[in-house]
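# Structural characterization, general
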Amino acid sequence: MNTNLSLLTKNVRGVLAASAAFSVIAAAPVFAQEAEEGAKAEDFEQIAVVGSRAAPRSVADSAVPIDIISSEEFKQQGATDMVSMMQTVVPSFNVNDQPINDASTLVRPANLRGMASDHTLVLVNGKRRHRSAVITFLGGGLSDGAQGPDISVIPAAALKQVEVLRDGAAAQYGSDAIAGVINFVLNDASEGGLFEARYGSFYEGDGDMIQLSGNVGMPLTDKGFINLSAEYRTADDTSRSIQRADAAGLVAAGNTFVADPAQIWGSPEIKHDIKLFANLGLELSDSAEAYMFGNFAEREVEGGFYFRNPHNRGGVNDGGTNDDGEQLLLVGDLTGDMSGNCPTDIVVGANVLENPRYINEVANNPDCFAFNEILPGGFTPRFGGTVTDMSLVFGTKGELDNEVTYDISLNLGQNEVDFAISNTINPSLGPDTPFEFSPGRYTQSEQTLDIDFTKPFDAGLYEPLFVAAGFQYRNESYESFAGDTASYEIGPLATQGFGIGSNGFPGLAANSQGRVSRNNIALYVDAEAYITENFMLAGALRYEDFSDFGDTTKGKIAFRWQALENIAFRGAFSTGFKAPTLGQSNVRNVTTAFGTGGQLIDRATLPPTDPVSQLKGGEQLTPEESESITFGVVADFDNGLFITADYYNIELTDRISTASGIALTDEDIATLLAQGISDASSFSEISFFTNDFDTTTEGLDVVANYAMDMMGGETKFSLAYNWTSTEVDRASDNISDFRIRMLEDNLPAVRYSATANHTNGDWRFLARMNYFGSIFEDHLDSALPIDKVSSEITFDFEVAYNVSEQLTVTLGARNAFDEYPDENNTDAGGITYAQIAGSQYPTTSPIGINGGFYYLRGVYSF
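Okay, so let's go over this structure. (Residues numbered from 1 in each chain as written. Predicted model: local features only at pLDDT ≥ 70, side-chain atom pairs only at ≥ 80, totals over all residues. Heavy atoms only, no water.)

### Digging into the side chain of S117
Mapped onto the fold, S117 is located in the loop between β3 (110–112) and β4 (120–124). Each residue touching S117, except ones within four places of it in the same chain, is listed here: P109, A110, N111, S143, A146 and G148. (Helix = DSSP H or I, 4+ residues; strand = E, 2+ residues; numbered from the N terminus. Contact = heavy atoms within 4.5 Å.)

### Details of the side chain of N215
Along the chain, the position of N215 falls in strand β9 (residues 209–219). Residue class for N215 comes out buried when judged on its relative accessible area of 7%. A distance of 3.4 Å separates a polar atom in the side chain of N215 from a polar atom in the side chain of N187. Beyond its immediate sequence surroundings of up to four residues, N215 is in contact with A157, N187, G192, G193, L194, N227, L228, S229 and F862. (Buried < 20%, exposed > 50% of the residue type's maximum accessible area, 1.4 Å probe, protein only. Polar contact = N/O pair within 3.5 Å; in protein donor to acceptor, adjacent residues only side chain to side chain.)

### Describing helix α15 (residues 737–745)
Listed as buried for α15 are R739, I740, M742 and L743. One side of α15 carries all its buried residues, which in axial view fall inside an arc of 160°. (Arc of directions from axis to C-beta.)

### What to know about the pairing of β9
Taken together, the eight bridges between strand β8 (residues 193–202) and β9 define a ladder with antiparallel strand orientation. Paired with G193 across the bridge in β9 is V216. Counted between consecutive antiparallel strands, the loop separating β8 from β9 contains six residues, among which G205 sits at a positive phi close to 90°. In the sheet, β9 pairs with strand β10 (residues 224–235) via 11 bridges, with the strands oriented antiparallel. Across the sheet, residue V216 finds its bridge partner in β10, namely L228. Remark: four residues form the turn of the hairpin made by β9 and β10, two consecutive strands paired antiparallel; T221 in that turn has positive phi of roughly 55°. (Pairing = 2+ DSSP bridges.)

### Re the environment of S391
Secondary-structure assignment places S391 in strand β17 (residues 382–399). By relative accessible area, S391 is classed as buried at 12%. Through-space distance from the C-alpha of S391 to that of G294 is 5.0 Å; in sequence the pair is 97 residues apart. When residues no more than four places from it in sequence are discounted, the contact partners of S391 are R129, H130, F293, G294, N295, L412 and G413. In terms of polar contacts, S391 uses its side chain to reach the side chain of R129, at 3.0 Å. At a separation of 2.5 Å, a polar atom in the side chain of S391 contacts the side chain of N295.

### Some remarks on the state of the cysteines
All chains considered together, the criterion is met by one disulfide. In this model C342 forms its disulfide with C368; the gap between the sulfur atoms is 2.1 Å. On the S-S bond that ties C342 to C368, the torsion sits near -100°, and the link is left-handed. In this pair, C342 sits in the loop between β15 (332–333) and α10 (356–363) while C368 sits in strand β16 (residues 368–369), placing the two residues 26 residues apart along the sequence. C368 sits in the buried class, given a relative accessible area of 2%. (Disulfide = S-S within 2.5 Å.)

### A closer look at the sheet that holds strand β6 (residues 159–165)
With respect to topology, five strands assemble into an open sheet ordered β1-β6-β7-β4-β5, the strand pairing being mixed. Of all the strands in the sheet, just β1 (66–70) and β5 (127–128) have a single pairing partner and so form its edges. Bridging between β4 and strand β7 (residues 180–186) involves five bridges; their strand directions are parallel. From the neighbouring strand, L121 faces β7, where its bridge partner is V181.

### Structural notes on a negative patch on the surface
Taken together, the side chains of E627, E651, E727 and D729 define an acidic patch exposed on the protein surface. If you trace the backbone, E651 turns up in strand β28 (residues 642–658). (Patch = residues over 30% accessible without salt bridge, like charges linked within 9 Å, V, L, I, M, F, W, Y side chains within 5 Å. Areas by Shrake-Rupley, 256 points an atom, 1.4 Å probe, with all protein chains shown as cover. Salt bridge = Lys/Arg side-chain N within 4 Å of Asp/Glu carboxyl O. Lys, Arg positive; Asp, Glu negative; His and termini not counted. Charge placed at Lys NZ, Arg CZ, Asp CG, Glu CD.)

Encoded structure:
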């Protein structure tokens, strides 16, 4: 018999109620055939509710809210990436598109219970998932600077279910579990499988997506299993753009080289997305088993970037202004001794290409050079990269003679991002510049050893006292690799005002690359028991010691009270923390962003201990600290109606984020150059990570399920509702007023989805209504506020038909009525905000900017 299930059947209610037991339940795959032999069906359902929303979606006997999402629920929606799928089925999980947002294009940040994307701990089969190497430099305010795991590398075909613990859980799992824990449980079937083919496209005829996936289970001798999953996906990019006002002005003045639109806003192109997962288990004896699981994934993404105006792009075309305030052209002298006598006073006017002085003194002068000669219409870089992810977890678990269960495992994980940028230049190299660059590579590596023990004790209570204790050692490193030489090279025109490095995303210089690492140890103990038949009490305590900033101790207490036969109350209080990541403490990056005046600038994100950062107030990072309260009610009625409602309040102090852009003065730049920072002249603004604000987030999650017979079949109804409110309690001068408002109002305060899923014979019909409350958006992070983005309602529909016992065909539509957010039409001095950068819609709208999407799916099961 499986040892975990043997113990659970002795004390199933207590185990479910304890957060500690959550880790034990999910620690390793469970043999389905052993579960049938060793546990009653109703007990097994309580441990892992597999099925539709008609069954309890949250574990009813838990002291804290836990959502159980079956693999079937992921299949019954139009989204194909895991992040978007989670948003559909978890009430307080939010994600939005990242059309032009630097590294966020590669790994979209997601938010649980109004927290940043790295405030949620991610597990696979109960084991901590490693972080992504991608840091969200521009994360829509809330996730600015976040470095969380990349859950998009997990294919839906590999999953048995997903468990979402919506409560602070750092006392059980350690750093990051401030908002909660998401545990992806892998498929452990030893036979059967499926193959799925899916095609989809947006109503406007772009964004074509093709996805192929499969899963197969095989026996590993007669006492184990091998379960393999694979997924391949490609997707074309989309465009929801209008012509920028400055680009339109150039065209009107006769510049026929400007693209229309000059800048693309839309989903990036996914050139390829490959995901492989393996899950293995083997029974070693009647009381021990071994397990192993791991993955490999590779995704190449390319998206748009900001348009470079050929008249005034800083470091490329901007030669300053004359005494009359007229824009001058930046012209370089190509002679070695500066004998070219190149003009520095050419007024660009409406179209510098028609200026006789430019034609005669620059374009037809071999000694002088302006980038208008080779890029007459300006240019718009294409930014992206390749993300590679891999992991391997192996271990053994079992039960000793004294009823002590053990679980010992080693966890290896690595994520790497190799950035790429094309259709751009290194201005300092002049006419010799290449147009494609590899600006650098970053790698996050983690190795974790877990040793866990559990044992029930007879303490004279209604049920045995269940105790869990364990030890964890984790080593992690963050390594940066230099880009190709041309991406950071200081060319001959650098001394004449031309920018250094690949424009838009300068490469990491060889003298800035390096590796940093740290380790930490953790000890924890959890205990829970039913004091009486109807009252359960649980507690947890965890101590962690980090090699780079010291130690911390966190705790948690939770209860569950069965007040009436169908009504129970539950609640918890916990303290938590999130350690600053190695990436946040050490990363160097330069990106293009809208500055505080609305113009495009190069903003450098530097380590907080860098001399440039310290000049502006940067300090060594410290951990974030949290206090969390959860209180809820569970109602399970005889007629099948199941409802949970849980209130939460999270006070988070010393939050880590990137500072708003800080402008560098000429004096600052001179000081930095004197310190030997040779590329300081390329920076217009800097940013760094800082512990500069505190927040209070409160909210309410409501989940309801009901099933009934109707129209000759069965209909399952479900509701997932969330209200979240965040207030910034303290903020330093490094956090702008617009950033504060983004933190408070960029996520919808209210979001819910109501679903009806009707099955009748070989037919299945699904209808889902999604409501997204209004948000505020700081347009392009530029302190140019647009009007409040109104609330939106979208509908999803799906119809499926079982062609045979093995083959099911599904036709569906997401955002079926083709809804779009409010357009960016607020006036900004004679032009609309949409025209400033060509963004027709608010880029962080919760319903996206692409409109309706239809899809066709075929699934063959065997």
